[in-house]
Amino acid sequence: MLYYITGGERSGKSNYAQSLALELSDTPIYLATSRIWDKNHQERIQRHIADRDERWTTLEEEKNLELVIPKNRVVVIDCVTLWLTNFFMDTNSDIQKSLAQAKAVFDKICTIDTTLIIISNEIGMGGHATTEVGRKFTQLQGWMNQHIASQADKAILMVSGIPVPIK
């Protein structure tokens, strides 16, 4: 089963995903995809860790998610945006290479017999990016979101902390 949860920044995506995971399992897995970029980012990660109790197992993997996702579990992947950033940085902002690499990994994880709850951001719904690299990343994010949503069994758009089913 694949759940896709998307929305804007601070829309309640992570809280909703974690609540859903705990409804589905007593021992869910939280798969963090982020590199630590700066002090502010580290503080944000610490807040997310503090939100989870002893029922959770935390795994970390920046790109090759298929290497760490176990079978027959409930896994929250947080988040596509930070995961894509790793590909985007490693390919020197090449949209096509980043998208191909991310799609290949995503397609592999979809073959694992497990329940996935994937969190992403709808960054294209905000202001228009003022830099070329920002516009390129927005395109990459949008295309990857479409790819994930097309495979999802259920898709939820978070708006002001309220889950709105879209698929």
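Computed from a predicted model, the values in this text were never measured in an experiment.

## What to know about the pairing of strand E5 (residues 115-119)
Among the five residues that make up E5, five are buried, leaving the element largely enclosed by the rest of the structure. The alternating pattern of E5 places Thr115, Ile117 and Ile119 and Leu116 and Ile118 on opposite faces, both of which are buried. Here four bridges tie strand E1 (residues 2-7) to E5, and the two strands are oriented parallel to one another. For Ile5, the partnering residue across the bridge sits in E5 and is Ile119.

## Brief notes about the pattern of salt bridges
Enumeration over the complete set of coordinates arrives at four salt bridges. For Glu43, the salt bridge identified is with Lys39, shortest N-O distance 3.9 Å. You can see Glu43 and its partner Lys39 sitting in helix H2 (residues 39-51), four residues apart, about one turn around the helix. According to the relative accessible area criterion, Glu43 is partly exposed, its value standing at 37%. Here Arg55 and Asp53 are joined by a salt bridge, their closest N and O atoms 2.6 Å apart. With relative accessibility at 37%, the residue Arg55 sits in the partly exposed group.

## Considerations on helix H3 (residues 80-90)
Residues spaced three or four apart along an α-helix face the same direction, because each turn holds 3.6 residues. Where burial is concerned, most of H3 is hidden: nine out of the 11 residues are buried. Along H3, the residues that are buried comprise Val80, Thr81, Leu82, Trp83, Leu84, Thr85, Asn86, Phe87 and Phe88. Contacts from the buried residues of H3 go to H2, helix H4 (95-109), E5 and helix H5 (132-151). At the exit of H3 stands Asn92, carrying a positive phi of roughly 55°.

Calculation notes
- Residues numbered from 1 in each chain as written.
- Predicted model: local features only at pLDDT ≥ 70, side-chain atom pairs only at ≥ 80, totals over all residues.
- Heavy atoms only, no water.
- Buried < 20%, exposed > 50% of the residue type's maximum accessible area, 1.4 Å probe, protein only.
- Helix = DSSP H or I, 4+ residues; strand = E, 2+ residues; numbered from the N terminus.
- Pairing = 2+ DSSP bridges.
- Salt bridge = Lys/Arg side-chain N within 4 Å of Asp/Glu carboxyl O.
- Contact = heavy atoms within 4.5 Å.

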